[in-house]
Each structure stands twice: as structure tokens, then as C-alpha cells.
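# Examination of the molecular architecture
Listed here are the chains, written in short residue letters.
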Amino acid sequence: MNGFASEEYLEFSTSKIKNIHRTGIINIRNSVSFPYVIFKKNSKNYLITPIGFSGPNEFNENHDFNIFNEESLSICGGFLQTRNIYENVNKFDQNDNFYFYIDSRSNYRIDLKLSLESFLNNMNSTSRRNCKRFLDERKKYVVRKVEFNEKELIQKFSDLYSINSFMLKFNKSYHFNYSCWEHLLKNDSFNLFLLYRDKQIISGSIITSLNDGYDLTFTVNDRSFNNSGKATILCLFKYFKKRFNNSYIDLGGGVHELDELTRFKISMGGKKTPFKRLRFLSKKKLSTLEYNNFKNIENRWP
């Protein structure tokens, strides 16, 4: 199961994208599917996966590119962010129909099978010290799963998210309001969890269900409470470990590799888990200029 492969996530994640030609969900094979967006640029169609690590959990470039050969898609190229672990070298390659470039983007994973002691030992000294203090005060902290009919709590999360998006200057593609969150939470693969301290909400998290784990897709904190992010990861670890059998929580990455957000996730014991991504161009539809630009690729394309 890939919770991201749903109409609710597609509508949610594309609400800020311009020049959309079409959207849909592609099934590669049983239990492997993912959402896609086709948008127009310079009168040509490009296919991308939506925001987040929303792509397929498996993708074999030797034969899975065949799914893009459908004439109905009529794409020139695109960008595919998978959840397929990739620890090999970055490289250019090609098949009969596409040129493509393979590299990875770092996700950071918390293993739910660890004991609490091992989880703490994976943190750096500062995070471990903070988390031990939170554990000493454990009765003050409560994780609450929000039901879909609890509109007032969804509104409180939305308000907290809006404050964070303004203060932290989120990219416009990550600006969401109450109606967006409400629509997303219609799908059971997405759940909202609030962390309370002494009956005050100090964080809210949207967690997506996956085949054998979870993705911490969105999380925002009450910035007046110091180290609320650390308290959130600790309390979610304890909550999910106690109640569910799945094996991990993915924390995601940063805005950029090794930025402040990434360093925070590493400090909390997140294990680097690189996910494959591919940029590709159709051999039939590319121009010489596009091919030259593609070969000089560095950060983002198209």
C-alpha cells in the first residue's frame, strides 16, 4: 500500500500547481502504484510525482519505464521521486525510449523495532538529554489521534500550520488551509496526531500509512515551546511502537541536503535512507538543446 496513491492526496498536493494538463495514479504491478502530475512547459508535457516522497516503493528503470510509453500520456520527460532505496552511484543511462539520470534524495528513518534505550542511544548527546527530561515528565505528554469529525481540532492544526508556514516562509506549494487538510483526512491512509503538554497543543503531525511503515509527511510545532520537535518524535516513537506492528517511521529529509532540518533529524537518531529519483527525457520528443541541458544537469530539472 502507498497511501500517497490516492485521489485525495493528488487533489491536496496539486492545489497550488499551475498549468496542469492531467493527473492520475499509475499501477506498475500489484501493490506498486503512485500518483503523477502532467504539466505543460514550453508547450510540452512533463510528468512529475507530487510533493513529498510520494512515488513508488519500487521502480526498476530497466523495464518500469515502459509505463510511460502510453501514447495517451504524450510526455516529453519528467521527474520521478521514488521510495525505492538506492545506494549506488549517480549515473546517466538510457533504454530504447528514454535518456535518464539516477541519483537519490536522503530520507531519515526511525526503526520502531528498537528498544527505547537503543533509540535514545542513536541520538546525539543534546537530543538524548532533552528526551530523558521529557521521559521524566512523561505524564505531562499525551498523543491524541484526531478523528475526522473533530473539526475544531483539525482547525487548530490548520491554524498552527498557517503560523509556521508564514514564520518559516514555506514555499507557496506548501501553503494549505483548513479545507485542504479536511479533504486529505477523508482518506484513512492519512491521520492527524496532536501532541499535548499539560493539555496544551505543542505540535501536530500528518502521518501517512505505507506498506510496512509510516511517513511523517507534515509536522508543525508551537514555537513558544522549546524542543517541541524533539518531544514530538520521541512521543510518536513510543505511541506507534506500543500500538502497531509496522517497522518504521520515515521522517523525510530537509529542504536541501544537510540543512538545519536534516541535521535535526540526524540528531534524533534518524538513519539515512536514500531514495532513488530519476530525471528522464523521451528520445522521440527531445530537441538537441534539451538533450544538452539534460546532460549538464546539476540540481533540478526540468
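Look up: the structure comes first, before these words.
Structural notes, computed from the coordinates.

### Quick word on the pairing of strand β10 (residues 213-221)
Burial within β10 is extensive, with seven of its nine residues counted as buried. Direction of pairing for strand β9 (residues 200-209) relative to β10: antiparallel, over a ladder of seven bridges. Directly across from glycine 204, in β10, lies its bridge partner valine 220. Connecting the antiparallel pair β9 and β10 is a turn made up of three residues. In terms of strand pairing, β10 meets strand β11 (residues 248-250) through three bridges, oriented parallel. Across the sheet, residue glycine 213 finds its bridge partner in β11, namely tyrosine 248. Running through helix α6 (residues 228-243), the crossover from β10 to the neighbouring parallel element β11 is right-handed.

### Brief notes about unusual backbone geometry
Of note, the phi angle at serine 43 is positive, near 65°, even though the residue is not glycine. Summarising the element assignment, serine 43 is placed in the loop between β2 (32-41) and β3 (44-48). Since its relative accessible area comes to 69%, serine 43 is described here as exposed. Its identity as a non-glycine residue notwithstanding, lysine 199 has a phi of 70°, on the positive side.

### Comments concerning a positive patch on the surface
On the surface, a cluster of positive charge is made up of Arg138, Lys238, Lys242 and Arg243. Relative to the assigned elements, lysine 238 resides in helix α6. On the accessibility criterion, lysine 238 (32% relative accessible area) is partly exposed.

### Remarks on the nonpolar core
Counting residues in each nonpolar core, the largest one holds 28 residues, and the members touching the most others are Tyr141 and Phe240. At the level of secondary structure, the elements contributing two or more residues to this core comprise α2 (116-121), α3 (125-136), β7 (141-146), β8 (190-197), β9, β10 and α6. Considering every element that reaches this core, the biggest residue donor is α6, with eight residues. Beyond its immediate chain neighbours, meaning those up to four positions away, tyrosine 141 contacts Phe134, Leu195, Tyr196, Arg197, Ile202, Phe225, Ala231 and Cys235. If you look at the next biggest cluster of nonpolar residues, it comprises 26 residues, including Ile51, Leu194, Ile206 and Val220.

### Notes on the pairing of strand β1 (residues 20-29)
With eight bridges connecting them, β1 and β2 associate as antiparallel partners. When the sheet's bridge partners are listed, glycine 24 is paired in β2 with tyrosine 36. As consecutive antiparallel partners, β1 and β2 are separated by two residues, and within that stretch serine 31 has a phi angle of approximately 70°, a positive value.

Rules of the game
- Residues numbered from 1 in each chain as written.
- Predicted model: local features only at pLDDT ≥ 70, side-chain atom pairs only at ≥ 80, totals over all residues.
- Heavy atoms only, no water.
- Buried < 20%, exposed > 50% of the residue type's maximum accessible area, 1.4 Å probe, protein only.
- Helix = DSSP H or I, 4+ residues; strand = E, 2+ residues; numbered from the N terminus.
- Pairing = 2+ DSSP bridges.
- Right-handed = clockwise from strand over helix to strand, strands pointing away.
- Patch = residues over 30% accessible without salt bridge, like charges linked within 9 Å, V, L, I, M, F, W, Y side chains within 5 Å.
- Areas by Shrake-Rupley, 256 points an atom, 1.4 Å probe, with all protein chains shown as cover.
- Salt bridge = Lys/Arg side-chain N within 4 Å of Asp/Glu carboxyl O.
- Lys, Arg positive; Asp, Glu negative; His and termini not counted.
- Charge placed at Lys NZ, Arg CZ, Asp CG, Glu CD.
- Core = buried A, V, L, I, M, F, W, Y, C linked by side-chain atoms within 4.5 Å.
- Contact = heavy atoms within 4.5 Å.

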